[in-house]
Amino acid sequence: VYCIRKRAELTDEEFHTFWKDTHGPFIRSLAKTLRATKYIQSHTLNTPINQEIAQGRGLDSPAYDGVTEIWWESMEDFLAAVSTPEGQEASRTYITDTKVGEVNFVDFAQSRAFLTEEHVVFDFLSEQD
């Protein structure tokens, strides 16, 4: 999971457009090398409802500008992918490349990335009647 804050000089539109239309397809091109099975971008909506949600919980920090989820079949697949020279190069590239990398749109100091394990409580979309 990667909770992202945009670089200060970018507008919301510039940030979301670059992330979706430039960086996203690049990540897709690396999927096999990274052994990733799924990549999701969740773009934060600029709406008063988000302010109400934050106020109702007493949240002081501004919302992240978006969240990325990258999925692997297992921790072993993830570790195997990032242990190969090709996986390490892909990881460096998607962060530092000046044309398509995160360096173009992410405020690294204000963003957070971490591994998680999913625990499904319910999934009505996948359940059969």
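Residues numbered from 1 in each chain as written. Predicted model: local features only at pLDDT ≥ 70, side-chain atom pairs only at ≥ 80, totals over all residues. Heavy atoms only, no water.

*Asks:* Sorry, what's going on with the overall build of the protein chain here?
*Replies:* Of regular secondary structure, the protein chain possesses 5 helices and 4 strands. Mapped in sequence order, the helices and strands of the protein chain form the string β-α-α-β-α-β-α-α-β. A principal-axis box enclosing the C-alpha atoms of the protein chain has dimensions of 45 × 45 × 25 Å. Burial analysis of the protein chain (129 residues in total) assigns 25% to the buried set. Across the protein chain, every contact between residues at least 6 apart in sequence was considered, and the portion connecting residues at least 24 apart equals 76%. When the accessible area of the protein chain is evaluated, it comes to approximately 9400 Å², of which 54% is carbon and sulfur surface. Across the protein chain, the mean location of the 12 positive side-chain charges is 5 Å away from that of the 22 negative side-chain charges. (Helix = DSSP H or I, 4+ residues; strand = E, 2+ residues; numbered from the N terminus. Buried < 20%, exposed > 50% of the residue type's maximum accessible area, 1.4 Å probe, protein only. Contact = heavy atoms within 4.5 Å. Areas by Shrake-Rupley, 256 points an atom, 1.4 Å probe, with all protein chains shown as cover. Lys, Arg positive; Asp, Glu negative; His and termini not counted. Charge placed at Lys NZ, Arg CZ, Asp CG, Glu CD.)

*Asks:* Got a minute to help me understand the sheet that holds strand β1 (residues 2-4) in this structure?
*Replies:* To summarise the sheet geometry, strands pair through backbone hydrogen bonds and adopt either a parallel or an antiparallel arrangement. Strand order in this open sheet of 4 strands is β2-β3-β1-β4, and the pairing throughout is antiparallel. Taken across any chain shown, the strands that pair with only one partner, and hence form the sheet edges, are β2 (38-43) and β4 (112-113). Bridge count between β1 and β4: 2 bridges; the pairing is antiparallel. Counted as the bridge partner of Tyr2 is Ala113 from β4. Against the sheet, helix α1 (residues 12-29) touches β1, β2 and β3 (66-71), its axis set at about 180° to β2. (Pairing = 2+ DSSP bridges. Axes fitted to C-alpha atoms, helices over the stretch in contact; angles between N-to-C directions.)

*Asks:* Where do I start with unusual backbone geometry in this structure?
*Replies:* The phi angle of most residues is negative, glycine excepted, and most peptide bonds adopt the trans form. Here the phi dihedral of Arg35 falls at roughly 60°; this positive angle occurs in a residue that is not glycine. Along the chain, the position of Arg35 falls in the loop between α2 (31-34) and β2.

*Asks:* Help me understand the pattern of salt bridges in this model?
*Replies:* Opposite charge on two side chains lets them pair, provided their charged atoms get close. Considering all chains together, one arrives at 5 salt bridges under this definition. The salt bridge partner of Asp21 is Lys20, with a shortest N-O separation of 3.0 Å. The residue Arg92 makes a salt bridge to Glu89 at a minimum N-O spacing of 3.0 Å. Of this pair, Arg92 and Glu89 are both found in helix α5 (residues 85-96), 3 residues apart, which corresponds to roughly one turn of the helix. On the basis of relative accessibility, which here comes to 42%, the residue Glu89 falls in the partly exposed class. (Salt bridge = Lys/Arg side-chain N within 4 Å of Asp/Glu carboxyl O.)

*Asks:* Can you walk me through the nonpolar core in this structure?
*Replies:* Nonpolar side chains in soluble globular proteins generally cluster together in the buried interior. Tyr2, Ile4, Leu10, Phe15, Phe18, Trp19, Phe105 and Val106 together form the largest nonpolar core, which totals 8 residues. Broken down by secondary-structure element, the contributors of at least two residues to this core are β1 and α1. Considering each element in turn, this core owes the most residues, 3 residues, to α1. Contacts of Trp19, omitting those with residues within four sequence positions, involve Ile4, Gly24, Tyr39, Gln41, Ser42, His43, Asp65, Gly66, Val67, Thr68 and Phe105. Residues Phe26, Ile27, Leu34 and Val100 belong to the second largest nonpolar core, which totals 7 residues. (Core = buried A, V, L, I, M, F, W, Y, C linked by side-chain atoms within 4.5 Å.)

Function cannot be read off these values alone, since they describe shape.
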